[in-house]
Amino acid sequence: RRQRQMCIRDRSRIQLADSVSPELAQQVLQDVERARTALNRTQSFNQPWDEVWPQIEQTWEGVCEVTHTTSPEADLLLAGGGPTATCVAEIAKELVSNAFRHGKATQVEIEISLASPEDILITSTNNGELVRDDRVEGIGSEMFGELTDSWSWSNAPSGPRFTAVIPVATNP
């Protein structure tokens with residue numbers, strides 16, 4: 001899936017240009033190399049939280065502006081990595097990918113906070129096309145269903161809005 005995202009990103013970057021200059025070609029090659037590196041990186045459930053967002057931002061740099069706000073309480077809970085942080089990161093990646101691919105968004109904002117001591121609340125808005133009522137749910141929707149207690153899409157005046165409640169993993 002990551003390879004496909006990078007191909008879409010690179011194709012979009014080239015399509016946005018009137019002609020392909022040597023500089024643009026070099027940027028695309030650098031993007032492809034970053035994708036290869038990301039694909040070869042071993043996923044760890046203990047990845048430090050402060051490393052997650054720069055990776056997401058770097059992946060979409062030049063294509064889609066990704067911003068985030070994490071409440072201090074949520075940041076503290078996610079700081080050690082672990083399954084909850086991994087779930088939040090995977091949902092965030094899917095949100096940006098969907099906003100760009102399906103909604104043609106150029107800006108995505110993600111907010112993470114605590115809904116309760118046992119639940120993370122993730123909210124995302126973007127400047128893409130509104131969510132259609134007749135949309136077909138795919139792999140992303142399946143993932144949201146598996147990783148969250150609840151999730152939903154709505155259309156706000158500012159654009160599509162996603163909300164999900166993610167249970168905090170507990171140690172057995």
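Residues numbered from 1 in each chain as written. Predicted model: local features only at pLDDT ≥ 70, side-chain atom pairs only at ≥ 80, totals over all residues. Heavy atoms only, no water.

Go over the packing of helix α3 (residues 49-60) against helix α5 (residues 82-103) with me, naming the residues and quoting the values.
It is the contact of α3 with α5, at a shortest axis distance of 11 Å, that shows an interaxial angle of 15°. Considered as vectors, α3 and α5 are oriented roughly parallel to each other. With respect to the hand of their crossing, α3 and α5 are arranged in right-handed fashion. Of the residues in α5, those in contact with Trp49, Val52, Trp53, Ile56 and Trp60 of α3 are Ala85, Val88, Ala89, Ala92, Lys93, Val96, Ser97 and Phe100. Among the residues making up the contact of α3 with α5, the classes are represented as 11 nonpolar, one polar and one charged. (Axes fitted to C-alpha atoms, helices over the stretch in contact; angles between N-to-C directions. Helix = DSSP H or I, 4+ residues; strand = E, 2+ residues; numbered from the N terminus. Parallel < 35°, antiparallel > 145°, perpendicular 65-115°, else oblique. Left-handed = near helix turned anticlockwise from the far one by under 90°. Contact = heavy atoms within 4.5 Å. Nonpolar A, V, L, I, M, F, W, Y, C, P; charged D, E, K, R; others polar.)

Can you lay out the nonpolar core for me, pointing to particular residues and giving the numbers?
With 32 residues, the main nonpolar core has Trp49, Ile112 and Ile122 as its most contacted residues. If you list the elements that add at least two residues to this core, you get α3, α4 (72-78), α5, β2 (107-116), β3 (119-126), α6 (139-147) and β5 (159-167). Looking at this core element by element, the count peaks at 10 residues for α5. Residues in contact with isoleucine 122, not counting those within four places in the same chain, are Val88, Ile91, Ala92, Leu95, Ile110, Glu111, Ile112, Phe162, Thr163, Ala164 and Ile166. (Core = buried A, V, L, I, M, F, W, Y, C linked by side-chain atoms within 4.5 Å. Buried < 20%, exposed > 50% of the residue type's maximum accessible area, 1.4 Å probe, protein only.)

Tell me about the packing of α5 against α6, and please be specific about residues and values.
Orientation of α5 relative to α6, taken along the N-to-C sense of each, is 155°, at an axis distance of 11 Å. Comparing their axes, α6 and α5 come out roughly antiparallel. Here α5 runs over α6; the crossing is left-handed. Seen from α5, the contacting residues are Cys87, Glu90, Ile91, Glu94, Leu95 and Asn98; seen from α6, they are Gly140, Met143, Phe144 and Leu147. Of the residues in the contact of α5 with α6, the class split is six nonpolar, two polar and two charged.

Could you give an account of the packing of aromatic side chains, naming the residues involved and the relevant values?
For any pair of aromatic rings, the description rests on two quantities: the centre-to-centre distance and the angle between the ring planes. Overall, the coordinates contain five aromatic pairs when judged by the stated rule. Here phenylalanine 144 and phenylalanine 162 contribute two aromatic rings whose centre-to-centre distance is 4.7 Å and whose plane-to-plane angle is 45°, an arrangement assigned as tilted. Of this pair, phenylalanine 144 sits in helix α6 while phenylalanine 162 sits in strand β5; the two residues are 18 residues apart in sequence, bridging distant segments of the chain. Residue classification places phenylalanine 144 among the buried positions, given a relative accessible area of 0%. Given a relative accessible area of 0%, phenylalanine 162 falls into the buried group. Ring pairs connect the aromatic residues Phe144, Trp151, Trp153 and Phe162, which therefore count as one cluster. (Phe/Tyr/Trp six-rings, centres within 6.5 Å; stacked < 30°, edge-to-face > 60°.)

Break down the pattern of salt bridges for me, citing the residues and quoting the values.
Under the defined criterion, the tally for this structure stands at two salt bridges. Put simply, lysine 93 and glutamate 90 hold a salt bridge, and the shortest N to O gap is 3.2 Å. Taken together, the positions of lysine 93 and glutamate 90, both in helix α5 and three residues apart, correspond to about one turn of that helix. Take glutamate 90: its relative accessible area is 23%, and that puts it in the partly exposed class. Note that glutamate 129 and lysine 104 form a salt bridge whose closest N and O atoms lie 3.5 Å from each other. Placement of the pair is glutamate 129 in the loop between β3 and α6 and lysine 104 in the loop between α5 and β2, with a sequence separation of 25 residues. (Salt bridge = Lys/Arg side-chain N within 4 Å of Asp/Glu carboxyl O.)

If you had to explain the environment of alanine 169 to someone new, which residues and values would you point to?
Turning to its location among the elements, alanine 169 is positioned in the segment after β5. Under the relative-accessibility criterion, alanine 169 is labelled partly exposed at 41%. Separated by 50 residues in the primary sequence, alanine 169 and aspartate 119 have C-alpha atoms spaced 9.0 Å apart.

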